[in-house]
Amino acid sequence: MKTYSNSSTLLQKNRQFIPGGAVSLNRVIEPEIVFQRAKGSRMWDVDGNEYIDYHAAFAPHFLGHNDDDVNAAVAAVLRDEASLYGSGTTVLEGRLAELICENSPFVERVQILNTGSEATYQALRAARAITRRDHIIVMQGGYNGWHNDVACNLMTPLSSVGPRISSGEYPFLPISAGIPAAHQQLVHPVNFNDLDSVRWVCERYAVAALICEPILQNIGVVRPLEGYLQGLRDLADEFGFLLVYDEVKTGFRYGTGGYAELSGVYPDFVVYGKAIASGYPIAAIGGRQELMDIFIDPDPERRGLLAGTYNGHPIPTAAAIATIEKLLRNDGEVYRHTDRLGEMMQSGLEEIMRRRGITSTVCRERSAFCLYLMDHDPRDWHDIALHHGFSADEAMRRELVERGIYLFPLATKQASISAAHSEDDIARTLEVWDEVLSAPAVQEALCSANSIPARGGK
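Before going into details, it helps to say that this report is about the structure given with it. All figures in this text were calculated on a predicted structure; none of them were measured in a lab. For every chain, the first residue of the written sequence is number 1, and numbering continues from 1 along that sequence. Reporting in this predicted model follows two pLDDT cut-offs: at least 70 for local features of residues, and 80 or more for side-chain atom pairs to be given and counted; totals over whole chains, interfaces and linings ignore these cut-offs and use all residues. For side-chain calculations, the full set of non-hydrogen atoms in the structure is used, while hydrogens and water are omitted.

### Observations regarding the overall build of the protein chain
Broken down by element type, the protein chain carries 16 helices and 14 strands. Principal axes of the C-alpha set define a box for the protein chain whose edges measure 65 × 60 × 50 Å. Exposed residues in this analysis have more than 50% of their type's maximum accessible area, buried residues have under 20%, and partly exposed residues fall in between, with area computed by a 1.4 Å probe over protein chains only. Looking at the protein chain residue by residue over its 458 residues, the buried ones come to 57%. Looking at the protein chain alone, contacts between residues at least 24 apart form 72% of all its contacts between residues at least 6 apart. Note on areas: Shrake-Rupley with a 1.4 Å probe; residue coverage comes only from the protein chains shown. Summed over all atoms, the accessible surface of the protein chain reaches about 18500 Å², with 49% contributed by carbon and sulfur. In this tally, Lys and Arg are treated as positive and Asp and Glu as negative; His is ignored, and so are the chain termini. Here the site of a charge means atom NZ of a Lys, CZ of an Arg, CG of an Asp or CD of a Glu. Of the side-chain charges in the protein chain, 42 are positive and 59 negative, and the distance between the mean point of each set is 3 Å. Secondary structure elements follow DSSP: runs of H or I no shorter than four residues count as helices, runs of E no shorter than two count as strands, and numbering proceeds from the N terminus. Contacts were defined at the residue level, with two residues in contact if any of their heavy atoms lie within 4.5 Å.

Structure representation (structure tokens):
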């Protein structure tokens, strides 16, 4: 059995100076493990335990931890004494913008930011500036950042959010204190895959934007139903709101044009992050020139403010350039490799669960997957909350961690395969997963009732 004594000691020390002991509190979860280093598909904690990692820090490490090519690009800008100048533009930010626009078919202009939350905030404020409207539609079960417009209705217990509503909206249920009640009235949560409720809201409010992940990936992997994204596009055109794709998790993981390119349904604004720089902190907002030019509108009453001291910092910008260039090599060989591993993982899990007689479904989009303990692919949060085995999911994850397979030990959290994973990694993971299903804690949980934890997103 693994021991975490050094982790416990360090976390207690940090709690003397940091509330909760970590600088992003959604990272603090049982077992409380402090990681020390990582390379490729592996991580090591301060107690010397080794793990095959499928958490990937909430999914940015698409090339794996400490990719040699990305780190070499970062080392080069440090060696060349590139700096944060705070005046004018740079060669690096120009090159990154060019790469994004050249490889995202609907992106004509782009701005570089630091985090996904910044980018979604800018997208929604720009939508309000363009439309001169105030109301926003968000997804129940989606996560689009920490700011007031979107910090709501994530893994909400049905006792709080209530039964399924269609057509209609759910109450705004904040995942943070401090959101003014007046602001909450401007935000309208509806379920994913529910076009009727989007129309219902639009017929009652002046909607500036609808923001959604084109695949919900903070409650696993929930795909859009056939025609859903096109339906959103049509409703946006009919009612005049702007469609915003939050591709912080999906962008560059599924292709250099993100899920928008795969689906063929393009948004007005798109937000990228995470995989765009394979672990370095950066984000981007992109769209058509006519929309992006709101940030340089000559009329100060229309212009959206976009500024940031660290926007385009040379280290993450160089990392993003190197990441995209590597993704483009050999006509996208990285994607073919991760797709093969994803297929291997899915077929292996399906065989194991079928052989053991455990009701389940594996939802996968290329390199991202989630095993649900239910008999069908979920369509929205209510579907998951009603049918998924939460307690068994978490028991299974804790046993996997104990045996050196790191999935974030919170039910329904997406697992991410990286380019650094190998077929041996997948084979070992499947072997351990099979063993875990015999663990007494998992067996007991498979027979118990569901229990939905209250947590934030990432």
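From this point, things continue past the structure.
### Regarding the environment of T323
Inspection of the secondary structure puts T323 in helix 11 (residues 314-328). Among the residues examined, T323 registers a relative accessible area of 0% and is labelled buried. Along the primary structure T323 and F62 are separated by 261 residues, whereas in three dimensions their C-alpha atoms are 9.1 Å apart. Excluding residues within four positions of it along the chain, T323 makes contact with L63, V70, A275, I276, A277 and S278.

### Thoughts on the side chain of T317
Topologically, T317 is positioned in helix 11. Any pair of N or O atoms that falls within 3.5 Å is considered a polar contact. Within protein, one atom must be able to donate a hydrogen and the other to accept it, and sequence-neighbouring residues count only if both atoms are side-chain atoms. Within the local environment of T317, its side chain forms a polar contact with the backbone oxygen of G312, the two atoms lying 3.3 Å apart. A distance of 2.7 Å separates the side chain of T317 from the backbone oxygen of H313, its partner in a polar contact. In this structure, T317 is in contact with L92, E93, L96, I282 and G312, ignoring residues within four places of it in sequence.

### A few points about empty space enclosed by the protein
The distinction between a cavity and a pocket rests on a 1 Å grid over the protein atoms alone: a 1.4 Å probe fits inside a cavity but cannot get out, while a pocket stays open yet meets protein on both sides within 12 Å along at least five of seven lines, and a residue with an atom within 4 Å of a point counts as lining. Grid points are joined across faces, edges and corners, and a volume is the space filled by probe spheres set on the points. Taken as a whole and assessed by the stated rule, the structure comprises 3 cavities of 30 Å³ or more. Estimates place the volume of the largest cavity at around 50 Å³. Taken together, F369, C370, L371, D393, M396, R397, L407, K413, A415 and W433 make up the full set of residues lining the largest cavity. Secondary-structure elements contributing two or more residues to the lining of the largest cavity are strand 12 (368-372) and helix 14 (390-402). Polar here means any residue other than Ala, Val, Leu, Ile, Met, Phe, Trp, Tyr, Cys and Pro, which are nonpolar, and Asp, Glu, Lys and Arg, which are charged; Gly is therefore polar. Looking at side-chain class alone, the lining of the largest cavity contains 7 nonpolar, no polar and 3 charged residues.

### Some details on the nonpolar core
As a rule of thumb, nonpolar side chains are buried together in soluble globular proteins. Core analysis: the biggest nonpolar cluster contains 80 residues, and I100, I137, M139, V198, L210, F252 and Y272 have the highest contact counts within it. No other element matches the 6 residues that helix 11 contributes to this core. Among buried residues, those of type Ala, Val, Leu, Ile, Met, Phe, Trp, Tyr and Cys that are joined through side-chain atoms within 4.5 Å constitute a nonpolar core. Ranked by size, the runner-up nonpolar core spans 30 residues in total, among them A127, A208, A209 and F269.

### A closer look at the packing of aromatic side chains
Any aromatic ring pair is given by two values, namely how distant the centres are and how the planes are angled relative to each other. Classification of ring pairs uses Phe, Tyr and Trp, with its six-membered ring standing for Trp, and accepts pairs whose centres are within 6.5 Å; under 30 degrees between planes counts as stacked, over 60 as edge-to-face, and the remaining range as tilted. Applying the stated rule across the entire model yields 12 aromatic pairs. Ring centres of F58 and F408 lie 5.0 Å apart, and the angle between their planes is 55°; this geometry places the pair in the tilted category. Placement of the pair is F58 in the loop between strand 3 (50-53) and helix 2 (68-79) and F408 in the loop between strand 13 (405-406) and strand 14 (415-416), with a sequence separation of 350 residues. Of the residues examined, F58 reaches a relative accessible area of 7% and is grouped as buried.

### Describing the layout of surface pockets
Approximately 500 Å³ is the volume attributed to the second largest pocket. Around the second largest pocket, the lining is made up of 24 residues, and of these G88, T90, E93, N311 and G312 lie nearest the centre. At the level of elements, helix 3 (91-103) and strand 4 (109-113) are the ones that each hand at least two residues to the lining of the second largest pocket. No other element matches the 4 residues that helix 3 contributes to the lining of the second largest pocket. Residues belonging to the lining of the second largest pocket are distributed by class as follows: 12 nonpolar, 10 polar and 2 charged.

### Looking at the packing of helix 3 against helix 11
Interaxial angles span 0 to 180 degrees and are taken between N-to-C directions of axes, which are lines fitted to C-alpha atoms, for helices over the stretch in contact. As a packed pair, helix 3 and helix 11 sit with axes 9 Å apart at the nearest point and diverge in direction by 35°. Crossing of helix 3 over helix 11 shows left-handed handedness. Mapping the contact onto sequence places L92, E93, R95, L96, L99, I100 and N103 in helix 3 and P314, T317, A320, I321, I324, E325 and L328 in helix 11. For a crossing to be left-handed, the near helix must be turned anticlockwise from the far one by less than a right angle; the clockwise case is right-handed.

### Structural notes on the pattern of salt bridges
The salt bridge definition used is simple: a Lys or Arg side-chain nitrogen within 4 Å of an Asp or Glu carboxyl oxygen. Enumeration over the complete set of coordinates arrives at 31 salt bridges. Between R233 and D237 there is a salt bridge, with its nearest N and O atoms 2.9 Å apart. Taken together, the residues R233 and D237, both in helix 8 (residues 228-239) and 4 residues apart, mark about one turn of the helix. We classify R233 as buried; its relative accessible area is 11%. The partner of E333 in a salt bridge is R340, and the shortest N-O contact between them spans 3.3 Å. One salt-bridge network, in which partners are shared between bridges, spans R233, D237, D268, R288 and E290.

### A short note on the sheet that holds strand 13
Strand pairing is assigned whenever DSSP detects at least two bridges linking the two strands. Read across the sheet, 4 strands follow the order 1-2-3-13 without closing on themselves; strand pairing throughout is mixed. With partners counted over all chains shown, the strands left at the sheet margins are strand 1 (35-39) and strand 13, one partner each. Where strand 2 (residues 42-45) lies against strand 3, 3 bridges are found, and the strand directions are antiparallel. Within strand 3, the position partnered with R42 by the bridge is I52. Of the strands in this sheet, strand 2, strand 3 and strand 13 are in contact with helix 15 (residues 423-436), which crosses strand 3 at around 105°.

### Digging into the sheet that holds strand 12
In spatial order, the strands read 11-12-14; together these 3 strands make up an open sheet with antiparallel pairing. For this open sheet the edge positions go to strand 11 (361-365) and strand 14, each flanked by a neighbour on one side alone. For strand 12 and strand 14, the ladder comprises 2 bridges, and the chain directions are antiparallel. Within the sheet, the bridge partner assigned to A368 lies in strand 14 and is S416. Together, strand 11 and strand 12 form the strand contacts of helix 12 (residues 333-356), whose direction differs from that of strand 11 by roughly 175°.

### Quick word on unusual backbone geometry
With omega at -5°, the peptide bond leading from E30 into P31 counts as cis. On the secondary structure map, P31 appears in the loop between helix 1 (5-14) and strand 1. With an omega of 10°, the peptide bond running from S166 to S167 counts as cis. Summarising the element assignment, S167 is placed in the loop between helix 5 (158-161) and helix 6 (181-184). With a phi close to 50°, N153 is a non-glycine residue in the positive phi region. Judged by relative accessible area, which is 0%, N153 ranks as buried. Non-glycine residue K274 carries a positive phi angle of around 50°. Mapped onto the secondary structure, K274 falls in the loop between strand 9 (269-272) and strand 10 (283-287). On the accessibility criterion, K274 (15% relative accessible area) is buried.

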